[in-house]
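These are the residues of each chain, in order.
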Amino acid sequence: MSTAPRPGRHVPPMPERNPKALRAAISEHTPQLLADFDAHWKWAIADAYDLAPVPAFLAQWWAEFAIARDPELDRQVHDLEARAADASTNDEAMHLLTRAAHLRREAGKAEPGQ
């Protein structure tokens, strides 16, 4: 299962891999994520006065933006997660969550400009 955008669909490219560029891309292309991004930054980085968590923060939000910028992929991931929440068995839920996690991992591998 590929997370690459299909030809003919416009998906904004990934920005440079740094918090400032990622925030600008979120602001422009997926503004619904901006408040959560800023709140998480403030809590995890700014208020902590510690830059050690920046790589983990960037990895998490990199994948979030990579998914949200592609409406079809965003729908697919959230559908799998919603179906898992309503699953009738643990095995079914685990299967659906594993598929969603795979899509999230693949999306997080996107390179700048892709």
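Quick notes on the rules
- Residues numbered from 1 in each chain as written.
- Predicted model: local features only at pLDDT ≥ 70, side-chain atom pairs only at ≥ 80, totals over all residues.
- Heavy atoms only, no water.
- Core = buried A, V, L, I, M, F, W, Y, C linked by side-chain atoms within 4.5 Å.
- Buried < 20%, exposed > 50% of the residue type's maximum accessible area, 1.4 Å probe, protein only.
- Helix = DSSP H or I, 4+ residues; strand = E, 2+ residues; numbered from the N terminus.
- Contact = heavy atoms within 4.5 Å.
- Expected span 1.5 Å × (residues − 1).
- Phe/Tyr/Trp six-rings, centres within 6.5 Å; stacked < 30°, edge-to-face > 60°.
- Arc of directions from axis to C-beta.
- Polar contact = N/O pair within 3.5 Å; in protein donor to acceptor, adjacent residues only side chain to side chain.
- Salt bridge = Lys/Arg side-chain N within 4 Å of Asp/Glu carboxyl O.

Caption draft 1: Representation of the nonpolar core in the model. In terms of nonpolar packing, the biggest core is built from 28 residues, with Met-14, Leu-22, Ile-26, Phe-37, Trp-61, Phe-65 and Leu-73 touching the most fellow members. Every element with two or more residues in this core is listed here: α1 (19-29), α2 (34-46), α3 (54-68), α4 (71-85) and α5 (90-108). Top element by residues in this core is α3. It accounts for nine residues. Discounting residues that sit within four places of it in the chain, Phe-65 has contacts with Pro-13, Met-14, Pro-15, Leu-22, Ala-25, Ile-26, His-29, Thr-30 and Leu-33.

Caption draft 2: Inspection of α3 at higher detail. For α3, spanning 15 residues, the distance from its first C-alpha to its last is 21 Å, which sits close to the expected 21 Å at 1.5 Å a residue. Looking only at α3, the buried set comprises Val-54, Phe-57, Leu-58, Trp-61, Trp-62, Ala-63, Phe-65, Ala-66, Ile-67 and Ala-68. Of the surrounding secondary structure, the elements contacted by the buried residues of α3 are α1, α2, α4 and α5.

Caption draft 3: Inspection of the environment of Glu-64 at higher detail. Looking at the element boundaries, Glu-64 is found in helix α3. Accessibility expressed as a relative area gives 22% for Glu-64, which makes it partly exposed. Not counting residues up to four positions away in its chain, the partners in contact with Glu-64 are Leu-33 and Arg-104.

Caption draft 4: Main features of the packing of aromatic side chains. In the structure shown here, the tally under the stated rule is four aromatic pairs. For the ring pair Trp-41 and Phe-57, a centre distance of 5.1 Å and an interplane angle of 70 degrees mean the geometry is edge-to-face. Residue Trp-41 is located in helix α2, and its partner Phe-57 is located in helix α3; the two are separated by 16 residues in the primary sequence. Residue Trp-41 is classed as partly exposed on the basis of its relative accessible area of 27%.

Caption draft 5: Structural view of α1. All of the buried residues along α1 are Ala-21, Leu-22, Ala-25 and Ile-26. Considered in projection along α1, the buried side chains sweep an arc of 135 degrees and stay on one side of the axis. Along α1, exposed side chains directed more than 90 degrees from the buried face belong to Lys-20 and Glu-28. Its side-chain oxygen at 3.2 Å from the backbone nitrogen of Lys-20, Asn-18 defines the N-terminal cap of α1.

Caption draft 6: Seen up close, the pattern of salt bridges. Under the defined criterion, the tally for this structure stands at seven salt bridges. Among the salt bridges present, the one from Asp-38 reaches Arg-23, with a minimum N-O distance of 2.8 Å. Separated by 15 residues along the polypeptide, Asp-38 in helix α2 and Arg-23 in helix α1 bring together distant segments of the chain. By relative accessible area, which is 33% here, Arg-23 ends up partly exposed. The closest approach of N and O atoms between Asp-79 and Arg-83, which form a salt bridge, is 3.4 Å. Taken as a pair, Asp-79 and Arg-83 lie in helix α4 at a separation of four residues, close to a single helical turn. Arg-83 sits in the partly exposed class, given a relative accessible area of 39%. The structure contains a network of salt bridges with shared partners spanning Glu-64, Glu-81 and Arg-104.

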